[in-house]
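The lines below spell out each chain.
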Amino acid sequence: MKKIILTSAFIFGLAFTAQAQTKAGIHFGYGSEIEKAAIGANAEFGITDKISIAPDFTYYFTESTEYVKTSFWELNANGHYYFLDQNK
């Protein structure tokens, strides 16, 4: 199920990249509530010159015990509107 959602989000994001620039990156973090390190990927897809969407995925490194296996991850999406002209 996770693969289907991520693949769909990626394909959906590629559909909007024809008009503007695409950016991608990785990030590292720390979950203070669960006290675990994290790694993630983010991208920004331009829809128009002033509007873009930015999906973000973060995976937290958890530990497995003999009886319990846990996993934590986040999937976020942001919308950006640029007030300044980026092309100048």
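Residues numbered from 1 in each chain as written. Predicted model: local features only at pLDDT ≥ 70, side-chain atom pairs only at ≥ 80, totals over all residues. Heavy atoms only, no water.

Draft legend 1. Geometry of the overall build of the protein. A tally of regular secondary structure across the protein gives one helix and four strands. When the helices and strands of the protein are listed from N to C terminus, the series reads α-β-β-β-β. Per-residue burial over the protein gives 15% buried out of 88 residues. For the protein, the proportion of contacts with a sequence separation of at least 24, taken over those separated by at least 6, is 39%. A total of about 7000 Å² of accessible surface is found on the protein, and carbon and sulfur atoms cover 62% of it. (Helix = DSSP H or I, 4+ residues; strand = E, 2+ residues; numbered from the N terminus. Buried < 20%, exposed > 50% of the residue type's maximum accessible area, 1.4 Å probe, protein only. Contact = heavy atoms within 4.5 Å. Areas by Shrake-Rupley, 256 points an atom, 1.4 Å probe, with all protein chains shown as cover.)

Draft legend 2. The sheet that holds strand E2 (residues 36-46), seen in detail. Ordered in space as E1-E2-E3-E4, the four strands form an open sheet in which the pairing is antiparallel. Two strands close off the open sheet at either side, each with one partner strand: strand E1 (22-31) and strand E4 (72-81). Direction aside, neighbouring strands of the sheet carry axes that sit 20° apart on average. Note: E2 against strand E3 (residues 51-60), seven bridges, orientation antiparallel. Across the sheet, residue Ile 39 finds its bridge partner in E3, namely Tyr 59. (Pairing = 2+ DSSP bridges. Axes fitted to C-alpha atoms, helices over the stretch in contact; angles between N-to-C directions.)

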